[in-house]
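Read off the chains here:
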Amino acid sequence: TEAWGPDDDKPRRFAGPVKVRVPSKINLHLGVGPLREDGYHELNTVYHAISLFDELTARRGDTLTLTMEGEGAGELALDDSNLIIRAARALAARGRVPAHARLHLRKSIPLAGGLAGGSADAAATLLACDLLWGTGFSREELAEIGAELGSDVPFLLHGGTALGTGHGESVSPILARPTTWHWVLAIADGGLSTPEVYRELDRLREGPWPPAALENADELMTALRQRKPEVLGATLANDLQPAALSLRPALADVLKAGYDAGAVAGIVSGSGPTCVFLAADGAHAEQVAAELTEAGVCRSVVTARGPMPGARVT
Ligand code: C5P
């Protein structure tokens, strides 16, 4: 069932379990400006939703509970600090309804991997609980609630390929001819803390390099329209990459292994430590993935396609 009509009208209310699938994201361009007074950095980013999904199911309940399986089970706290619980409570407060639901997460997006897994789960929760509780918020309203939970939540409600500004929460879709891009992800052992990576970038910027200027994404946006992997590959850029490499020098070996495996291009995804490689097509992605696995430089390797829609009822 598609919960959202083509003109983004009010979603229906669901009596039974609501199951929502949400993608992860990579940043094709991540331009980071100086640190702002509110503790965030100004961004110019191009978000791209890819086919590595988490799935959240919301059922009626007498209290608010959360269980999970998959990536990070036993590691991820399921208490009030969890973004899913915080999202459910924020939505209930805004909709003036009791925050009663039994939530279950099936996780495939690695924790602290630079793929916005936490924001993805918050986005899925907002959509699922809105339908379960019949609070009837528009996608824009959910995005507004989500922006306070994580910078990437509004994008993960929208999906596709989009320009992110502000601290990432302000999203506008990029209209391009439909093209599917093929990616290979090198998933690392252990995560990187996003605030720490930003702090490391600030520290590096106290030296003469890298520059603190906020770069725009114009070149990448032009490349997106040409639909040629080698053109897009040449414009992929991530200002957080030097900081992630500084905190995790072994990522340089992962990037090199990806190029050695024949990838068109490779960058660190967001704040890392996941590295993402562009392939020419689906078959090429499988070939790069097999060689990268063989190189033994990361925990696991997965292929993914993009762009994908944002959080959706399945
Ligand atoms: O919004 P999110 O929860 O993803 O941000 C986590 C942390 O990452 C922030 O508290 C901040 O330290 C850092 N951050 C930043 N600038 C941004 C986004 C995140 O400094 N634009």
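Residues numbered from 1 in each chain as written. Predicted model: local features only at pLDDT ≥ 70, side-chain atom pairs only at ≥ 80, totals over all residues.

- Going by what an unreviewed UniProt entry lists, the protein is known as 4-diphosphocytidyl-2-C-methyl-D-erythritol kinase and is assigned to Actinoplanes friuliensis DSM 7358.
- Here is the UniProt Catalytic activity (unreviewed entry) comment for the protein, exactly as written: "4-CDP-2-C-methyl-D-erythritol + ATP = 4-CDP-2-C-methyl-D-erythritol 2-phosphate + ADP + H(+)".
- Check the Sequence similarities (unreviewed entry) section of the UniProt entry for the protein; it says "Belongs to the GHMP kinase family. IspE subfamily." (UniProt positions renumbered as here; feature names shortened; annotations may be inferred.)

Observations regarding the site of the ligand
Move 1: Near the ligand, the surroundings consist of Gly39, Tyr40, His41, Leu43, Gly150, Ser151, Asp152, His167, Gly168, Thr194, Pro195 and Tyr198.
Move 2: Sorting the residues of the shell around the ligand by element identifies β2 (41-59) and α5 (194-205) as the ones contributing at least two each.
Move 3: With three residues, α5 is the single largest residue contributor to the shell around the ligand.
Move 4: Looking at the shell around the ligand residue by residue, the classes come out as four nonpolar, seven polar and one charged.
Move 5: Structurally, the shell around the ligand is a two-domain feature, drawing no fewer than three residues from each of domain 1 (18-174 + 309-313) and domain 2 (181-306). (Near = placed C-beta within 6 Å. Helix = DSSP H or I, 4+ residues; strand = E, 2+ residues; numbered from the N terminus. Nonpolar A, V, L, I, M, F, W, Y, C, P; charged D, E, K, R; others polar. Domains from an automatic or database assignment.)

Digging into the UniProt feature "active site" (unreviewed entry) in the protein
Move 1: The sites that UniProt annotates as "active site" (unreviewed entry) are Lys25 and Asp152. Spatially, the listed residues are clustered: although they cover 128 residues, their C-alpha atoms lie within 8.6 Å of one another.
Move 2: Within the secondary structure layout, Lys25 lies in strand β1 (residues 18-35).
Move 3: In contact with Lys25, not counting residues within four places along its chain, are Tyr47, His48, Ala49, Ile50, Leu115, Ala116, Asp152, Phe155 and Leu156.
Move 4: In this fold, Asp152 is placed in the loop between α3 (139-147) and α4 (153-158).
Move 5: Under the C-beta neighbour-count criterion, Asp152 is labelled buried, with 30 such atoms within 10 Å.
Move 6: Here Asp152 is in contact with Lys25, Ala116, Ser119 and Gly168, once residues within four sequence places are set aside. (Contact = placed C-beta atoms within 7 Å. Buried ≥ 20, exposed ≤ 12 C-beta atoms within 10 Å, placed from the backbone.)

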